[in-house]
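Structural features, examined
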Amino acid sequence: MKWNLSNNQPIYLQIMEHLRMSIVSGEYPAGSRLPSVRDLAVEASVNPNTMQRALSQLENEGLIYSNRTSGRFVTEDETVIQNTRRDLASGQIRIFYDKMHDLGYSNPEIKELMRD
Amino acid sequence: MDFTENLFNNNLLECNKLTKIFGGTTALNDLSLTFERGRIIGLLGPNGSGKTTFIKLINGLLVPTRGSITINGYLPGVETKKVISYLPDKMILNNWMKVNDLVSFYKDFYEDFKEERAYDMLKDLDIAPNARLKSLSKGTKEKVQLIMVMSRDAELYCLDEPIGGVDPAARDYILNTIIQNYNHKSSILLSTHLIADVENILDDAIFLKYGTVTRYAPVDQIREESGMSLDELFREEFKC
């Protein structure tokens, strides 16, 4: 997946979002080993400290875990991944609804449109 | 300063009320700040804000009018030149040399110069080692100069406008080189106007205005607090 970082949000948050997507989409499957901080930083053209920060946060969330000697891995717990997937989906739906509201549609109208 | 003291003094650079006055013009005014190790620091400010003056003071090319500056606890001099790799804002290469002469020259001059790294980068950027510097374009010469600077294992890299004159593809390569060379022991100070290009790789940003620091904070903190990118904030704060 290509790294598309926008300007107005803190970079580490965007990196976290991107990595969540990569994990949910199966680019980094459950239990697989992640590239090193430096490799990920180069790939995303971001500062290694920022990448480190994003990874630590994802670790706190339980989506990835680190093994002192052999690097960082995606969790083997499928429910954590499915929950993350659900959260990402809710986020997208919220964005969609906000845009539709901006266009002047009400919730029932949106559902109507979706059925067509 | 003895060795043990040095070991515990983790600040790579310290300035205390650093001031530089040229005739009647104050280029830097009462600058007090420190650099930690392992940071990539952007020195940002409009023309004439004191960026190059600051970098020259770090490198001992200028002497402070007042105040002090130390690197690893030393005043600028022989000891600090061993650990600082400096890219000036001007071309300093000898035109009669060939690229590989220059590599030998740097290798001879600096103990920490890594010849292999230099040749790898020259190859990546398609620059022939036996080309005469005279025959290279301005942008290519800038690349060569930067390669020499980045091929040292320095503790502080001072890059004055490293990406100003090169094409966007080479710019990406240079920024990636900076990320790849990054380590916890050394810091990189880079001055530039091209903020949008560098903001993703910076840890910290220093905003300089009329010789005074108006901001010195981690980039993500600045983004969080202002809700703007560094580039947008810069345009706003330095609006003409």
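Residues numbered from 1 in each chain as written. Chains lettered and ligands numbered in written order. Predicted model: local features only at pLDDT ≥ 70, side-chain atom pairs only at ≥ 80, totals over all residues. Heavy atoms only, no water.

**Description of the nonpolar core**
Spelled out, the test is: For the purposes of this section, nonpolar cores are sets of buried Ala, Val, Leu, Ile, Met, Phe, Trp, Tyr and Cys residues that join through side-chain atoms within 4.5 Å. Note on exposure labels: buried denotes an accessible area under 20% of the residue type's maximum, exposed denotes more than 50%, and partly exposed covers the range between, all computed with a 1.4 Å probe on protein chains only. The contact definition used throughout considers only heavy atoms, calling two residues in contact when any of these lie within 4.5 Å.
Membership of the largest hydrophobic core comes to 74 residues, with the highest contact counts inside it found for M51 of chain A together with V144, L159, I178 and L230 of chain B. Beyond its immediate chain neighbours, meaning those up to four positions away, M51 of chain A contacts W3, I15, L19, V37, L40, A41, A44 and V46 of chain A. Counting 25 residues, the second-largest nonpolar core is a separate cluster that includes L31, I69, I84 and L208 of chain B.

**Quick look at the pattern of salt bridges**
For clarity, the threshold we go by: Put simply, a salt bridge is a Lys or Arg side-chain nitrogen that is within 4 Å of an Asp or Glu carboxyl oxygen. Under the DSSP-based scheme used, a helix requires at least four consecutive residues in state H or I and a strand at least two consecutive residues in state E, with every element numbered from the N terminus.
The tally for this structure, following the rule as stated, stands at 19 salt bridges over all chains. Here E17 of chain A and R20 of chain A are joined by a salt bridge, their closest N and O atoms 2.9 Å apart. Here E17 of chain A and its partner R20 of chain A are both found in helix 1 (residues 11-24), three residues apart, which amounts to about one turn of the helix. Since its relative accessible area comes to 15%, R20 of chain A is described here as buried. D231 of chain B is the salt-bridge partner of R235 of chain B, the closest N and O atoms lying 3.1 Å from each other.

**Topic: the sheet that holds strand 4 (residues 66-71) of chain B**
All names here are of chain B. Rules: Two strands are counted as paired when DSSP detects at least two bridges linking them. Throughout, an axis means a line fitted to C-alpha atoms (over the contacting stretch in the case of helices), and angles, computed between N-to-C directions, take values from 0 to 180 degrees.
Spatially, three strands are ordered 2-1-4 in an open sheet, and the strand pairing comes out antiparallel. Each of the sheet's edge strands pairs with one partner strand only, and the pair in question is strand 2 (25-35) and strand 4. Strand-to-strand, the axes of this sheet are offset by a mean angle of 20 degrees, without reference to chain direction. Two elements, strand 1 (residues 13-22) and strand 2, share seven bridges in a ladder whose sense is antiparallel. Of the residues in strand 2, the one forming a bridge with L13 is F35.

**Let's talk about the pairing of strand 5 (residues 84-87) of chain B**
Residue and element names in this part refer to chain B. Burial of strand 5 is two-sided: the residues I84 and Y86 facing one way and the residues S85 and L87 facing the other way are all buried. The pairing of strand 5 with strand 6 (residues 156-160) spans four bridges and is parallel. Paired with Y86 across the bridge in strand 6 is C158.

**What to know about the interface of chain B and chain A**
Note the threshold: Accessible-area loss on putting two parts together, using a 1.4 Å probe and summing over both, is the definition of buried area adopted here. Pairs of N or O atoms are called polar contacts if they sit within 3.5 Å, as long as, within protein, a hydrogen donor faces a hydrogen acceptor (for residues adjacent in sequence, only side-chain-to-side-chain pairs). Here the nonpolar group is Ala, Val, Leu, Ile, Met, Phe, Trp, Tyr, Cys and Pro; Asp, Glu, Lys and Arg are the charged ones; every other residue, Gly included, is treated as polar.
Contact residues are listed per partner, giving 20 residues for chain B and 19 residues for chain A. Summed over both partners, the interface of chain B with chain A comes to about 1600 Å²; 45% of that surface belongs to carbon and sulfur atoms. At the boundary of chain B and chain A, one finds one salt bridge. Applying the counting criterion to the chain B and chain A interface returns eleven residue pairs in polar contact (both at pLDDT 80 or more). By residue number, the principal contributor to the side of chain B that touches chain A is helix 7 (residues 168-181) of chain B, which donates four residues. Tallied by class, the residues present in the side of chain B that touches chain A amount to six nonpolar, eight polar and six charged.

**Quick look at helix 4 (residues 78-102) of chain A**
All names here are of chain A. The following threshold applies: Expected helix span is computed as 1.5 Å times (number of residues minus one).
Here helix 4 is 25 residues long and its end C-alpha atoms lie 36 Å apart, about the 36 Å a rise of 1.5 Å per residue gives. Packing partners of the buried residues in helix 4 comprise helix 1, strand 2 (71-74) and helix 5 (107-115). Backbone geometry just downstream of helix 4 places G104 in the positive-phi region, at approximately 95 degrees.

**Section: helix 10 (residues 230-237) of chain B**
Residues and elements named next belong to chain B. Which entries qualify depends on this criterion: Think of the arc as the fan of directions from the helix axis to the C-beta atoms.
Every buried residue belonging to helix 10 is among L230, D231, L233 and F234, and all of these are buried. An end-on view of helix 10 places all buried positions within 165 degrees of arc, on one side of the element. Summarising the contacts, the buried residues of helix 10 are in contact with strand 3 (40-44), helix 8 (195-198), strand 8 (204-209), strand 9 (212-218) and helix 9 (219-226).

**A look at the sheet that holds strand 5 of chain B**
Consider a sheet: its strands pair through backbone hydrogen bonds, and that pairing is either parallel or antiparallel. Residues and elements named next belong to chain B. Judged by pairing direction, the sheet is mixed, and its six strands sit side by side in the order 5-6-7-3-8-9 without closing on themselves. Both outer strands of the open sheet, strand 5 and strand 9, are each paired with one neighbouring strand and no more. Averaged over all adjacent pairs, the angle separating strand axes in this sheet is 15 degrees, with direction ignored. Where strand 3 meets strand 7 (residues 187-191), four bridges bridge the pair, whose relative direction is parallel. Bridge pairing links L43 to S191 in strand 7.

Keep in mind these numbers describe shape, not what the thing actually does.
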